Amino acid sequence: QMLKFGQLIDLQLLDKGMVKDKGEEEMNNKLEVIDAANERELAKLERKHRGLKESLLAVTQENTALLSRIADLSAKQFSLEKDLNTGGNSVAVADAGPAVRNEIEERNRLVSLVKLQAKEVDALKAEINLLRRKGGHIYISDRPPAQDQQYHESSATPVVPPPPAPPVAE
């Protein structure tokens, strides 16, 4: 038989080359067995890889949650330290002892102030009565006594009467 470029080919030789040999078949069988073993190993490794990826995802999510909690606690600690450093008066303390003691001292101070003012009022009343008996002049404000009393109660300083007017020369 003649091919394209004028070369002759013996078909019998081609037929002999097409016959398979036993060694070749054995080698093909061995290759198929090795290929099957490799595919099983590859599938096993892929399953293991998927499991490890899922495990990594779970650990990453847990780590993220822990880091978020650390951030929240750090912010809270910063806030508490800021409150402590900026005076500490706004921080509620479970021990009310000093607060009660301060309140009692303040109440006692106010009671003593009221007693002192009552003594001053009594002294002023006695002075007014003394001046009335001597015929001295007493200056009275234009306001009615109720308003005058209210004015004196609201002031924190004792009220001193105005000085007597100098005598008028005629």
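It should be emphasised that the depicted structure is a prediction, and the values quoted were computed from it without experimental measurement. (Residues numbered from 1 in each chain as written. Predicted model: local features only at pLDDT ≥ 70, side-chain atom pairs only at ≥ 80, totals over all residues. Heavy atoms only, no water.)

Draft legend 1. Representation of a nonpolar patch on the surface in the model. Together, Leu-110, Leu-113 and Leu-116 make up a nonpolar patch on the protein surface, roughly 240 Å² of accessible area in all. Position of Leu-113 among the secondary structure elements: in helix H3 (residues 97-134). Note on Leu-113: relative accessible area 36%, which makes it partly exposed. (Patch = residues over 30% accessible without salt bridge, like charges linked within 9 Å, V, L, I, M, F, W, Y side chains within 5 Å. Areas by Shrake-Rupley, 256 points an atom, 1.4 Å probe, with all protein chains shown as cover. Salt bridge = Lys/Arg side-chain N within 4 Å of Asp/Glu carboxyl O. Helix = DSSP H or I, 4+ residues; strand = E, 2+ residues; numbered from the N terminus. Buried < 20%, exposed > 50% of the residue type's maximum accessible area, 1.4 Å probe, protein only.)

Draft legend 2. The arrangement of the pattern of salt bridges in detail. Counted according to the given criterion, the structure contains two salt bridges. A salt bridge links Arg-107 to Glu-103, with the shortest nitrogen-to-oxygen separation between them at 3.1 Å. In this pair, Arg-107 and Glu-103 both sit in helix H3, four residues apart, roughly one turn of the helix. When its relative accessible area of 47% is taken as the criterion, Arg-107 is described as partly exposed. The class for Glu-103 is partly exposed, based on a relative accessible area of 48%. Between Arg-109 and Glu-106 there is a salt bridge whose closest N-O contact spans 2.7 Å. Remark: Glu-106 and Arg-109 occur in helix H3; sequence separation between them is three residues, near one turn of the helix.

Draft legend 3. Geometry of a positive patch on the surface. Together, Lys-44, Arg-47, Lys-48 and Arg-50 give the surface a local cluster of positive charge. Assignment of secondary structure puts Arg-50 in helix H2 (residues 22-85). The exposure class assigned to Arg-50 is partly exposed, which follows from its relative accessible area of 49%. (Lys, Arg positive; Asp, Glu negative; His and termini not counted. Charge placed at Lys NZ, Arg CZ, Asp CG, Glu CD.)

Draft legend 4. Structural view of the confidence of the model for the protein. A residue-level look at the protein finds 66% of positions with pLDDT of 70 or above and a mean pLDDT of 79. Of all secondary-structure elements in the protein, the lowest mean pLDDT belongs to helix H4 (residues 145-154), at 47, while H2 reaches the highest, 94. Note on residues 147-156: pLDDT under 50 across the span, and five contacts to partners over four residues away in sequence or across chains. (pLDDT = per-residue confidence, 0-100. Contact = heavy atoms within 4.5 Å.)

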